[in-house]
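# Coordinate analysis (summary)
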Amino acid sequence: MSNKVRVRFAPSPTGGLHLGGVRTVLYNYLFARHHGGEFVLRIEDTDQTRFVEGAEEYIYKCLEWCGLEPDESTKKGGPYAPYRQSERKHLYYQYAQQLVDKGYAYYAFDTPEELERRRSEMAKDGHAGTNFQYDATTRRQMRNSLSLSTAEVLELLDKNTPYVIRIKVPFGQTVTFTDMIRGEITFDTSLVDDKVLLKADGMPTYHLAVVVDDYLMKITHAFRGEEWLPSAPVHLLLWKYLGWEADMPQWAHLPLILKPDGNGKLSKRDGDRLGFPVFAMDWNDPKTGETTRGFKEIGFLPEAFVNMLAMLGWNPGKEQELFSLSELVQYFSIERVHKGGAKFDYEKAKWYNQQHIHHSSDEKLLPLVKPYIVAHAPAVDDTYLLKVIGLVKERCGLLPDFWEQGHFFFETPEIKELDAIKAKWDDNKRSFFNSWKENLSSVSDWEHTTIEQTFTDSLQQHGLKKGDIMLPLRIMLVGGKYGPGVFVIAEMIGKEETLKRIQNALSLL
RNA sequence: GGCGCGUUGGUCAAUCGGCUAAGACGCCUCCCUUUCACGGAGGAAUGACGGGUUCGACUCCCGUACGUGCUACCA
């Protein structure tokens, strides 16, 4: 019996992969790698009404982009295949039946309409906000194998009456477990309802499936969002009733990622509203045809995205903030995960990206940046692009910024700040540019130091200071007040283009 | 409503009873750069509230408030 760490990420393929989802994957992955364990991807597609075409494939793409690939999955296979719950459908019934046989669960014949009616009656009855709960206090009033006689039950079953199997949650017991992040957590079972385990269509609900599969797949540590905490007692009871208590994984309920303004769980809507991505990658909803922007497409580096996510709810207890994935693996510990939810801060997310861009080599950046440049300037030379990347990368927060910050290396820019030159323009300056152009034409080694030398020489002849001309020159070459050193830019774009841009600007003044 | 969970600057957060309460993002000032950015130096800004326990509480306990999650044949 090995006690190898095994964790799992178990998404339901119903849409875009949310920030919080990626962080759950990340913590699973980091924990597994840190302990030399295995990371499993299990697809929880037990709700056939929510099936979305392409969602599963999309999840794989996101994990691949993030560099968080599972050891076992529906794609990769593994010793506990299949990893898609819909393909494991046949497994669940026997466990549900086993629970019925032992008196821990029962058949219920109430139709969804009947249940709905009970709920609305309850709401009307002056108990606003109070919900009808199917539990020890009410199940005798319902139609199930506990309230009906054996003969009635048999007859209903015989007539193929649709039924569900519900767990029989005991009254007045205390259920306790230790969460790796939150410590001891206690529930009173009287407040827990008789959750459906097996649906009328024969599919298990999350509650049954998660314990059966975690057991069968020998999961040792189970991480999930805090929103699952209230249903933890059901899962605990199930582990116990199925006789697997000794093999139950250790639980950790992760804090939520909150919206930046106000409070509450971060949703796709918040991203749309506040103008930042929430999904890892672009998601095209096949039903609405709508596309939601992802971090990848907006110009994030996967390692920056992962670094930022890791720090949202966890910290290493030291001052370092920039980590590679392998460093995160090295330092990660679940105990250092924060208990409280964290508000997502897009500004800080961009800072992480800027830092990772800054610290990446030009060669590594080349293939990532190139598409953004080629979109505007199809014929780019890699060697030239490489130099540009080195020159502008520290002023880029997002990949598309490379074009914004370096477009003038590839095209003659529109002079947007002509007014800034005009303000202090005079004949002497014009005459300076005319004579400097002459000098420039005869420069044979077109190199920034030489260019600057002729510049200084011409300056002296006209009794001008460097400060008088630097800004006009920059605007002539760049179009605005930004960019790397002007003489380096002149060197890069070449003599002909430099002269052309000066002449062009002169004609506008 | 009930139950669970949470609460250190605007945001992410360190602190595991000794605090004159780190650091980062953002903001402001200055330096560097005769541009912008990077980088550097500063600055403003924090323990929800009330009770205990203790020589000493941000740290432990109890209440209160506030926030949030759940309360489906969804996950």
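Residues numbered from 1 in each chain as written. Chains lettered and ligands numbered in written order. Predicted model: local features only at pLDDT ≥ 70, side-chain atom pairs only at ≥ 80, totals over all residues. Heavy atoms only, no water.

Mapped onto the elements, W283 comes out in strand β11 (residues 283–284). With a relative accessible area of 7%, W283 lands in the buried category. Excluding its chain neighbours within four sequence positions, the residues that come into contact with W283 are G15, G16, V52, E53, G54, A55, Y58, E290, T291 and T292. (Helix = DSSP H or I, 4+ residues; strand = E, 2+ residues; numbered from the N terminus. Buried < 20%, exposed > 50% of the residue type's maximum accessible area, 1.4 Å probe, protein only. Contact = heavy atoms within 4.5 Å.)

Another aspect to go through is helix α17 (residues 427–441). With 15 residues, α17 ought to run about 21 Å at 1.5 Å a step, and its terminal C-alpha atoms sit 21 Å apart, in line with that. For α17, every residue scored as buried is listed here: K429, F432, F433, W436, K437 and L440. Projected down its long axis, α17 carries its buried residues within an arc of 135 degrees, all on one side. Exposed positions of α17 whose direction lies more than 90 degrees from the buried face are D427 and E438. Structurally, α17 contributes buried residues whose contacts are with α18 (448–461), α19 (466–478), α20 (486–493) and α21 (495–508). For α17, the capping residue at the N-terminal end is D426, with a side-chain oxygen 3.1 Å from the backbone nitrogen of N428. (Expected span 1.5 Å × (residues − 1). Arc of directions from axis to C-beta. Polar contact = N/O pair within 3.5 Å; in protein donor to acceptor, adjacent residues only side chain to side chain.)

The next thing to look at is the sheet that holds strand β4 (residues 164–167). The strand order across the open sheet formed by 3 strands is β3-β4-β7, and the pairing between neighbours is antiparallel. Strand pairing shows two members of the sheet lacking a second neighbour, β3 (105–108) and β7 (196–198), which therefore form its edges. If you compare each strand with its neighbour and ignore which way they point, the axes differ by 45 degrees on average. Running at roughly 105 degrees to β3, helix α3 (residues 89–101) makes contact with β3, β4 and β7 of the sheet. (Pairing = 2+ DSSP bridges. Axes fitted to C-alpha atoms, helices over the stretch in contact; angles between N-to-C directions.)

Turning our eyes to something else, we now look at the packing of α19 against α21. Interaxial distance between α19 and α21 falls to 8 Å at its minimum, and their mutual angle equals 105 degrees. When the axes of α19 and α21 are compared, the pair comes out roughly perpendicular. Here α19 contributes L473, M476 and L477 to the contact with α21, which in turn contributes T498, R501, I502, A505 and L506. Among the residues forming the contact of α19 with α21, the class breakdown is 6 nonpolar, 1 polar and 1 charged. (Parallel < 35°, antiparallel > 145°, perpendicular 65-115°, else oblique. Nonpolar A, V, L, I, M, F, W, Y, C, P; charged D, E, K, R; others polar.)

In this section: the protein's contact with RNA strand B. Around RNA strand B, a shell composed of 64 residues is seen, among which R182, E321, R395, K466 and G483 lie nearest. Within the side chain of E44, a nitrogen or oxygen atom sits 3.2 Å from a sugar or linking oxygen of RNA strand B. Here D47 contributes a side-chain N or O atom positioned 3.1 Å from a sugar or linking oxygen of RNA strand B. Of all the secondary structure elements, the ones that give two or more residues to the surface near RNA strand B are α4 (112–124), β4, β6 (183–188), β13 (342–343), α12 (346–359) and α19. Along the lines of polarity and charge, the residues of the surface near RNA strand B split into 22 nonpolar, 18 polar and 24 charged. (Near = heavy atom within 4 Å.)

Per the stated rule, a full pass over the model turns up 0 disulfides. C62 takes part in no disulfide bond, and the closest cysteine sulfur, belonging to C66, lies 6.6 Å away. Given a relative accessible area of 0%, C62 falls into the buried group. (Disulfide = S-S within 2.5 Å.)

For chain A, the assigned domains are domain 1 (6–73 + 211–254), domain 2 (90–198), domain 3 (268–359) and domain 4 (366–508). Relative to domain 3, the C-alpha centre of domain 1 lies at a distance of 19 Å. Taken together, the contact pairs 30 residues of domain 1 with 31 residues of domain 3. Regarding the contact of domain 1 and domain 3, the summed buried area is about 2,500 Å², with carbon and sulfur atoms giving 78% of it. One can count 0 salt bridges joining domain 1 with domain 3. In this structure, the connection of domain 1 to domain 3 is made through 10 residue pairs in polar contact (both at pLDDT 80 or more). Contributing elements (two or more residues each) for the side of domain 1 that touches domain 3: α1 (19–34), α2 (55–66) and β9 (250–254). Of all the elements, α1 adds the most residues to the side of domain 1 that touches domain 3, at 10 residues. Partitioned by chemical class, the residues of the side of domain 1 that touches domain 3 number 19 nonpolar, 6 polar and 5 charged. (Domains from an automatic or database assignment. Buried area = accessible area lost by both parts, 1.4 Å probe. Salt bridge = Lys/Arg side-chain N within 4 Å of Asp/Glu carboxyl O.)

So, about the environment of L312. Its location among the elements puts L312 in the loop between α10 (302–311) and α11 (325–331). Judged by relative accessible area, L312 falls into the buried class, the value being 12%. L312 sits 241 residues away from D71 along the chain, and the two C-alpha atoms are 25 Å apart. Excluding residues that lie within four positions of it along the chain, L312 makes contacts with R23, Y27, I257, A342, K343 and F344.

For the pair α3 and helix α6 (residues 206–216), the least separation of the axes is 10 Å and the interaxial angle reads 105 degrees. With respect to α6, the element α3 is oriented roughly perpendicular. Packed against α3, whose contacting residues are L91, Y92, Y95 and A96, the element α6 presents L208, A209, V212, D213 and L216 at the interface.

This paragraph deals with the packing of aromatic side chains. Under the definition given, this model contains 36 aromatic pairs. Considering the side-chain rings of F276 and F344, the 5.1 Å spacing of their centres and the 55 degrees angle between planes classify their relative orientation as tilted. Taken together, the positions of F276 in the loop between α8 (268–274) and β11 and F344 in the loop between β13 and α12 put the pair 68 residues apart, joining distant regions of the chain. One aromatic cluster is present, formed by W65, F276, F295, F300, F305, F344 and Y346 through successive ring pairs. The ring of Y60 has K75 lying over it, and the distance from NZ or CZ to the ring centre is 4.8 Å. Note that R166 overlies the ring of Y134, its terminal NZ or CZ placed 3.8 Å from the centroid. (Phe/Tyr/Trp six-rings, centres within 6.5 Å; stacked < 30°, edge-to-face > 60°. Lys NZ or Arg CZ within 6 Å of the ring centre and 35° of its normal.)

Let us look at unusual backbone geometry. For the bond from A81 to P82, the omega torsion is -5 degrees, close enough to zero to count as cis. Even without glycine at this site, N160 takes up a positive phi of about 60 degrees. Mapped onto the secondary structure, N160 falls in the loop between α5 (150–158) and β4. A positive phi angle, close to 55 degrees, is found at K218, a residue other than glycine. When you line up the elements, K218 lands in the loop between α6 and β8 (221–225).

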